[in-house]
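Per-entry structural report
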Amino acid sequence: MKKRSIAAALSVSLASFGCGHTLSTKVGLVSIGQLQGRTLPVTLEGKVVQGEDCGYSYSLSNAVRDALKGTSYDTMVDVDVSNTTGVLVPSNCIQVKGTAIDSSRLPTEGEVP
């Protein structure tokens, strides 16, 4: 009986926490705005925002939309992206964290910043 309870506890632990992985990477720019004809200055200042998308089907674009939700920003720069997968579907997530900017305030080509 004791062996079964230990096996059950190990199975629950593995299903909850194990058999998954986390991959982190850095992305220079993601945007849901209009960047055509815009140039990026060397230095950018903005608010640091973060968002995520989880579940059976998840995407970077939904995580970015979540991060920018409720703000006037439409672009993120210097973005840390973390992708986590596991045995249980709710543990499959993508998280983003980066500096948010408003692309309409970026200078256009030929314009002096």
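An account of the accompanying structure is given in this report.

What counts and what doesn't
Each chain carries its own residue numbering, running from 1 in the direction its sequence is written. Where totals are concerned, whole chains, interfaces and linings use all residues; where local detail is concerned, this predicted model gives features only for residues with pLDDT of at least 70, and gives and counts side-chain atom pairs only at 80 or more. Water and hydrogen atoms were dropped before computing side-chain values, which therefore reflect all heavy atoms in the structure. Each helix is a run of DSSP H or I of at least 4 residues and each strand a run of E of at least 2, with the numbering of both proceeding from the N terminus. Only protein chains enter the accessibility calculation, which uses a 1.4 Å probe. A residue is then buried if its area is under 20% of the maximum for its type, exposed if over 50%, and partly exposed in between. Definitions used throughout: a 1 Å grid over protein atoms alone; a cavity as a set of points that fits a 1.4 Å probe which cannot get out; a pocket as an open set with protein on both sides within 12 Å along at least five of seven lines; a lining residue as one with an atom within 4 Å of a point. Grid points are joined across faces, edges and corners, and a volume is the space filled by probe spheres set on the points. Residue polarity follows a fixed list, in which Ala, Val, Leu, Ile, Met, Phe, Trp, Tyr, Cys and Pro are nonpolar, Asp, Glu, Lys and Arg are charged, and the others, Gly among them, are polar. Among buried residues, the Ala, Val, Leu, Ile, Met, Phe, Trp, Tyr and Cys ones that are joined through side-chain atoms within 4.5 Å form a nonpolar core. The contact definition used throughout considers only heavy atoms, calling two residues in contact when any of these lie within 4.5 Å.

**Thoughts on unusual backbone geometry**
- You will see that Asp78, though not glycine, has its phi angle at about 50 degrees, which is positive.
- Examined against the element boundaries, Asp78 turns out to sit in strand E3 (residues 75-85).
- We classify Asp78 as partly exposed; its relative accessible area is 48%.

**Looking at the layout of surface pockets**
- Quantified by volume, the largest pocket comes out at close to 190 Å³.
- Looking at the largest pocket, the residues that line it are Leu44, Glu45, Ser72, Tyr73, Ala100, Ile101, Asp102, Arg105, Leu106 and Pro107.
- Classifying every residue of the lining of the largest pocket by side-chain character gives 6 nonpolar, 1 polar and 3 charged.

**Re the nonpolar core**
- Counting 12 residues, the largest nonpolar core is built from Val30, Val49, Ala63, Val64, Ala67, Leu68, Met76, Val79, Val81, Ile94, Val96 and Ala100.
- At the level of secondary structure, the elements contributing two or more residues to this core comprise helix H2 (60-68), E3 and strand E4 (93-101).
- Of all the elements, H2 adds the most residues to this core, at 4 residues.
- Ignoring anything within four residues of it in the chain, the contact list for Met76 reads Gly28, Leu29, Val30, Val49, Val64, Ala67, Leu68, Val96, Lys97, Gly98, Thr99 and Ala100.

No statement about biological role is implied by the geometric values presented.
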